Amino acid sequence: MKTTTETDYSRQEHHEFLAASQAALTDESLQSSLSLLGSTLGHRNSEAFAAFPASAQLREKARAIKDATLAELDKHLETLEASVKSRGGQVHFAADGADACQIILNILTKANVRRVVKSKSMTSEEIHLNPALEAAGIEPVETDFGEYIIQVAGQRPSHIVAPAIHLRASHVADILSPVAGERLPPDATELAAFARKRLREAFATADVGITGANFVVAETGTVVLLENEGNIRLSTGMPRVHVAVVGIEKVIPRMADLPVFLKILARGATGQKMSVYTSLITGARRPGELDGPEEFHLVLLDNGRTKILGGPLRESLFCIRCGACLNACPIFRNIGGHAYGGIYSGPIGAVLTPLYDGLAANHHLPHASSLCGACQAACPVKIAIPEMLIKLREQLHHEPGESGRIEALAYRVWARMMRSPTLYRLGTWLATRTAGRIWTSRWMSKLPGGLNGWTVSRDFPAPAAERFRDWWEREGKGGPT
Ligand code: SF4
């Protein structure tokens, strides 16, 4: 049986979405893991919101805060920078992923660091920080259990909040046993106990802790981190330097805004009322404080976000990375995260990956959706993902590429016909007298020429042998009752 750990799609980005999806659909092990997603995380997300009477108002409020914050993002970033500096921290603005990696490498080189502990951070995945650290001879140790497993396996996260959700305990035992130097049992508690022991050694010996952030509060310069395992506490409290790498859209203006997001993020992510640990970190350790780092650095990442801010897909910046849309999506629930080929997967990944990584290179992703709307209904900030996917599909028509050109031409011909009654009459007359008489069945299983891509995995409705207009004329204008 082919297993998830054997496929390249779990390791490589930028692959062909359709081929990866086909592989995922025939991967029995992956299918077995994914079959539980709806009844576990997906169910918990919807139950958590249903059981919370104020959730509708809170979700609206969260949207409104995000909207207003993005409208004055430059102002809030300036406030944030001043707040962090006033508390002894340092702020670095990174234009893109390479810039962010270089900034972090400079900090680590200055601190003469050879090993760092990291908490789970999709932003650090986005900038490909681990390969950059390894290339510089620095060992990154992932400390979230799921991230640790996939780091050892050399894989990529398959879910925003549950990076190893594609693996079962038997796979994890296979992955971790060589590290342990003995055969570990396929038992979640024992595997977690092994990882905990390993990671304690890493916390005790690392000079730098690197985290992301769920939110950064502009008025206080506070980095807010939510987790369930306690590894973020240790990553930020034990090493002498803390580096937080954060997308600029994560800023919220005031501490008073935070409770709104804390209540919806945990519910959207895991169905919990609150995460087990919520850490609010404001700068480096001050005189008289017992713990905390000696140095604090905040790396604020743009990486295309300011461009998105002024465009039609601005709403994608509302995302708080909870993963609820993934759990609700019928496509994700069938193919998992690796098939998407980017850092971010699922419905929001189908929007973010083309935005951050180029539309032409990810041209299948806007189509990786049935547009059923389950993602938007599940999203704590009600992001209009289907609408954004449609906008991306429109933009695809302006991208170079044969398939895009043919599809765009077909739509242009259709649009022209629909605007002109004469052309429409002529077109439908021709269709019924040609294709309508050739295809006697209701469906065409293969379209001709460059249009045949449509019928690779679905049929196309064949034109009827008689137009409705002709039938109406024949039966009399009163029509049958
Ligand atoms: S789009 Fe919404 S549901 Fe999906 S990860 Fe972002 S905030 Fe969560």
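The sections below set out a description of the structure shown in this document.

Cut-offs and rules
Residues numbered from 1 in each chain as written. Predicted model: local features only at pLDDT ≥ 70, side-chain atom pairs only at ≥ 80, totals over all residues. Heavy atoms only, no water. Helix = DSSP H or I, 4+ residues; strand = E, 2+ residues; numbered from the N terminus. Buried < 20%, exposed > 50% of the residue type's maximum accessible area, 1.4 Å probe, protein only. Polar contact = N/O pair within 3.5 Å; in protein donor to acceptor, adjacent residues only side chain to side chain. Contact = heavy atoms within 4.5 Å. Pairing = 2+ DSSP bridges. Axes fitted to C-alpha atoms, helices over the stretch in contact; angles between N-to-C directions. Salt bridge = Lys/Arg side-chain N within 4 Å of Asp/Glu carboxyl O. Phe/Tyr/Trp six-rings, centres within 6.5 Å; stacked < 30°, edge-to-face > 60°. Lys NZ or Arg CZ within 6 Å of the ring centre and 35° of its normal. Core = buried A, V, L, I, M, F, W, Y, C linked by side-chain atoms within 4.5 Å.

Quick look at unusual backbone geometry
Okay, so step 1: A positive phi is found at His128, a non-glycine position, where the angle reads about 55°.
Okay, so step 2: Within the secondary structure layout, His128 lies in the loop between helix H7 (122-126) and helix H8 (129-135).
Okay, so step 3: Within the chain, Asn303 stands out as a residue other than glycine whose phi angle is a positive 50°.
Okay, so step 4: One can find Asn303 in the loop between strand E10 (295-301) and helix H14 (305-309).
Okay, so step 5: Of the residues examined, Asn303 reaches a relative accessible area of 16% and is grouped as buried.

Some remarks on the side chain of Ser279
Okay, so step 1: By the secondary structure assignment, Ser279 is in strand E9 (residues 277-282).
Okay, so step 2: Under the relative-accessibility criterion, Ser279 is labelled buried at 5%.
Okay, so step 3: A distance of 2.9 Å separates a polar atom in the side chain of Ser279 from a polar atom in the side chain of Arg233.
Okay, so step 4: Sequence-distant contacts of Ser279, defined by excluding residues within four places in its chain, comprise Val223, Val224, Leu225, Glu227 and Arg233.

Some remarks on the environment of Asp99
Okay, so step 1: On the secondary structure map, Asp99 appears in helix H6 (residues 97-110).
Okay, so step 2: Residue Asp99 is classed as partly exposed on the basis of its relative accessible area, which comes to 28%.
Okay, so step 3: C-alpha separation for the pair Asp99 and Asn303, spaced 204 residues apart in sequence, amounts to 9.1 Å.

Things to note about the sheet that holds strand E7 (residues 241-247)
Whenever strands of a sheet pair, they do so through backbone hydrogen bonds, lying parallel or antiparallel.
Okay, so step 1: Strand order in the open sheet formed by six strands is E1-E10-E7-E4-E2-E3, with parallel pairing between adjacent strands. Two strands in the sheet have a free side with no partner beyond their single neighbour: strand E1 (90-94) and strand E3 (139-142). If you compare each strand with its neighbour and ignore which way they point, the axes differ by 25° on average.
Okay, so step 2: Relative to E7, strand E4 (residues 208-211) runs parallel, the two sharing four bridges. Paired with Ile210 across the strands is Val243, a residue of E7.
Okay, so step 3: Its contacts with the sheet put helix H5 (residues 73-86) on E1 and E10, and the angle it makes with E10 is roughly 170°.
Okay, so step 4: Its contacts with the sheet put helix H11 (residues 188-205) on strand E2 (115-118) and E3, and the angle it makes with E2 is roughly 120°.

Quick look at the pattern of salt bridges
Okay, so step 1: This structure, assessed with the given rule, holds 18 salt bridges.
Okay, so step 2: Measuring nitrogen to oxygen at the nearest pair gives 3.6 Å for the salt bridge that ties Glu289 to Arg286.
Okay, so step 3: Arg467 is the salt-bridge partner of Asp470, the closest N and O atoms lying 2.9 Å from each other.

Overview of the sheet that holds E9
Okay, so step 1: Strand order in the open sheet formed by four strands is E8-E5-E6-E9, and the pairing between neighbours is mixed. The two strands at the open ends of the sheet, each matched to only one other strand, are strand E8 (251-252) and E9.
Okay, so step 2: Bridge count for strand E6 (residues 222-227) against E9 is six bridges, and the pairing is antiparallel. Bridging across to E9, Val223 finds its partner in Ile281.
Okay, so step 3: Against the sheet, helix H13 (residues 258-270) touches strand E5 (215-217), E6, E8 and E9, its axis set at about 20° to E6.

What about the packing of aromatic side chains?
Both the distance between ring centres and the angle between the ring planes are used here to describe each pair of aromatic rings.
Okay, so step 1: For the coordinates displayed, the defined rule picks out seven aromatic pairs.
Okay, so step 2: Members of the aromatic cluster, connected to one another through ring pairs, are Phe17, Phe332 and Tyr340.
Okay, so step 3: If you follow Lys66 out to its NZ or CZ, it ends over the ring of Phe261, 5.9 Å from the centre.

Remarks on the nonpolar core
Okay, so step 1: In this structure, Leu80, Phe261, Leu298 and Ile385 are the most contacted members of the largest nonpolar core, which totals 83 residues.
Okay, so step 2: When residues of this core are assigned to their parent elements, the largest contribution, seven residues, is made by H13.
Okay, so step 3: Once you skip the residues sitting within four places of it in the chain, Leu80 turns out to touch Val216, Val217, Ala218, Gly221, Val251, Leu298 and Leu300.
Okay, so step 4: Counting 23 residues, the second-largest nonpolar core is a separate cluster that includes Ile210, Val241, Val245 and Val299.

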